[in-house]
Amino acid sequence: MFRLEDVSKVYSRRGHTVMAFNTTSLIIPAGDYLAIVGPSGSGKTTLLSMLGGMLSPDAGRVLLEEASLYEMSVTRRTRLRREKIGFVFQTFNLVPYLTAVENVQVPLYLSGLSRKEQRERAVALLERVGLSDRLDHKPREMSIGQQQRVALARTLANHPPVILADEPTGNLDPESRQRVLDFFDELHRQNCTIIMVTHDLAAAERAQRRLTLRDGAVSTILSRRPTKAA
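Residues numbered from 1 in each chain as written. Predicted model: local features only at pLDDT ≥ 70, side-chain atom pairs only at ≥ 80, totals over all residues. Heavy atoms only, no water.

**Student:** Hey, could you go over the nonpolar core for me, with residue numbers and the actual values?
**Tutor:** Counting residues in hydrophobic clusters, the biggest one holds 38 residues, and the most contacted among them are Val104, Leu126, Val150, Phe184, Leu187 and Met196. Breaking this core down by element, the ones donating at least two residues are strand 3 (33–37), helix 3 (100–110), helix 4 (115–128), helix 5 (144–155), strand 7 (162–166), helix 6 (174–189), strand 8 (193–197) and helix 7 (201–204). No other element matches helix 6, which puts five residues into this core. Once you skip the residues sitting within four places of it in the chain, phenylalanine 184 turns out to touch Tyr33, Leu152, Ala165, Pro168, Ile194 and Met196. Phe21, Ile28, Leu64 and Leu211 belong to the second-largest nonpolar core, a separate cluster that totals 27 residues. (Core = buried A, V, L, I, M, F, W, Y, C linked by side-chain atoms within 4.5 Å. Buried < 20%, exposed > 50% of the residue type's maximum accessible area, 1.4 Å probe, protein only. Helix = DSSP H or I, 4+ residues; strand = E, 2+ residues; numbered from the N terminus. Contact = heavy atoms within 4.5 Å.)

Right, here's the structure in full:
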């Protein structure tokens, strides 16, 4: 699925060079459920951004299904990202003046589906995440946990085989956190590849493998449990 070859990313801060990420080799196979952990500033979000086609490395190659993300045109990379990758952020990034169903329809509209198909798929996805009674509510009319579930439904709109999640449970109450993690478990059973950055070690325990970063380098990769059957 993903392969990193001699990848490094350097930042300059107050006249000092900081190695944000550096690895000679990293492979994330299809169907993996990987939690990326480590202290603040260890390179977790940098790695996730490079995997998502949003941040080019200073050296090396990032490959998704043997296609080098940063050696292709911006147009092709944008299309590949839209077709292959779903993003879940801590801040949700919902459009405030759109309803739940309209927010989920946004990526479907960009994919060229008819308005009828957009509505039908968006409604089905919101029902799947338990929000059938919130279809026409705007973000401000929903709890934080409900907003995160709308964001999840939007992420799944185009059936991406990869989910990249950046602190997806960081702002959630315990019940909403459990719902999101249960949903990730369900997606993993359906062979979705999930890569999750988290400070929540209990959430990391739900993953199949755990990768620890320190000072931009891979410290350890631990298998936490056997791969789930589909």
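That was the structure; now back to the text.
**Student:** Which residues make up helix 5, and what values go with them?
**Tutor:** Taking 1.5 Å per residue, twelve residues should reach 16 Å; helix 5 reaches 17 Å between its end C-alpha atoms and fits that length. Among the twelve residues that make up helix 5, eleven are buried, leaving the element largely enclosed by the rest of the structure. What helix 5 keeps buried is the set Gly145, Gln146, Gln147, Gln148, Arg149, Val150, Ala151, Leu152, Ala153, Arg154 and Thr155. Next to the buried residues of helix 5 lie strand 6 (85–89), helix 3, helix 4, strand 7 and helix 6. (Expected span 1.5 Å × (residues − 1).)

**Student:** How would you explain a nonpolar patch on the surface if you had to name every residue and give the values?
**Tutor:** On the surface, Val106, Tyr109 and Leu110 cluster together into a nonpolar patch covering about 320 Å² of accessible area. You can see leucine 110 is positioned in helix 3. (Patch = residues over 30% accessible without salt bridge, like charges linked within 9 Å, V, L, I, M, F, W, Y side chains within 5 Å. Areas by Shrake-Rupley, 256 points an atom, 1.4 Å probe, with all protein chains shown as cover. Salt bridge = Lys/Arg side-chain N within 4 Å of Asp/Glu carboxyl O.)

**Student:** Describe in detail helix 4, supporting the description with residues and values.
**Tutor:** In this model, helix 4 (14 residues) spans 20 Å end to end at C-alpha, consistent with the 20 Å of a helix rising 1.5 Å per residue. Regarding helix 4, the residues found buried are Gln118, Ala122, Val123, Leu125 and Leu126. End-on view of helix 4: buried residues confined to an arc of 165°, all on one side of the axis. Check the buried side of helix 4 and you find it contacts helix 3 and helix 5. In the stretch just after helix 4, glycine 130 is the one whose phi turns positive, near 80°. (Arc of directions from axis to C-beta.)

**Student:** Tell me about the packing of helix 5 against helix 6, residues and numbers included.
**Tutor:** Taken N-terminus to C-terminus, the directions of helix 5 and helix 6 make an angle of 20°; their axes are 9 Å apart at the nearest point. One way to sum up the angle between helix 5 and helix 6 is to call them roughly parallel. Read as a crossing pair, helix 5 and helix 6 show a hand that is right-handed. Here helix 5 contributes Gly145, Gln148, Arg149 and Leu152 to the contact with helix 6, which in turn contributes Ser176, Arg179, Val180, Phe183 and Phe184. For the contact of helix 5 with helix 6, the residue count by class is four nonpolar, three polar and two charged. (Axes fitted to C-alpha atoms, helices over the stretch in contact; angles between N-to-C directions. Parallel < 35°, antiparallel > 145°, perpendicular 65-115°, else oblique. Left-handed = near helix turned anticlockwise from the far one by under 90°. Nonpolar A, V, L, I, M, F, W, Y, C, P; charged D, E, K, R; others polar.)

**Student:** How would you sum up the pairing of strand 1 (residues 2–13)? Please name residues and give values.
**Tutor:** Relative to strand 2 (residues 16–28), strand 1 runs antiparallel, the two sharing eleven bridges. Within strand 2, the position partnered with arginine 13 by the bridge is histidine 16. Linking strand 1 to strand 2, which pair antiparallel, is a turn of two residues; within it arginine 14 sits at a positive phi near 50°. When strand 1 meets strand 4 (residues 59–64), the two strands line up antiparallel, connected through five bridges. (Pairing = 2+ DSSP bridges.)

**Student:** Could you give an account of the pairing of strand 6, naming the residues involved and the relevant values?
**Tutor:** Burial runs high along strand 6: four of the five residues are buried. In the sheet, strand 6 pairs with strand 7 via five bridges, with the strands oriented parallel. For isoleucine 85, the partnering residue across the bridge sits in strand 7 and is valine 162.

**Student:** Report on unusual backbone geometry, specifying residues and quantitative values.
**Tutor:** One non-glycine residue, phenylalanine 92, lies in the positive phi region at around 70°. Considering the arrangement of structural elements, one finds phenylalanine 92 in the loop between strand 6 and helix 3. What makes phenylalanine 92 buried here is its relative accessible area of 5%. Positive phi is not limited to glycine here, since histidine 159 has a value of about 55°.

**Student:** Explain the side chain of aspartate 185 to me, using residue names and the numbers behind them.
**Tutor:** For aspartate 185, the position within the fold is in helix 6. Classification of aspartate 185 by relative accessible area gives buried; the value is 7%. A polar atom in the side chain of aspartate 185 sits 2.7 Å from the side chain of arginine 206. (Polar contact = N/O pair within 3.5 Å; in protein donor to acceptor, adjacent residues only side chain to side chain.)

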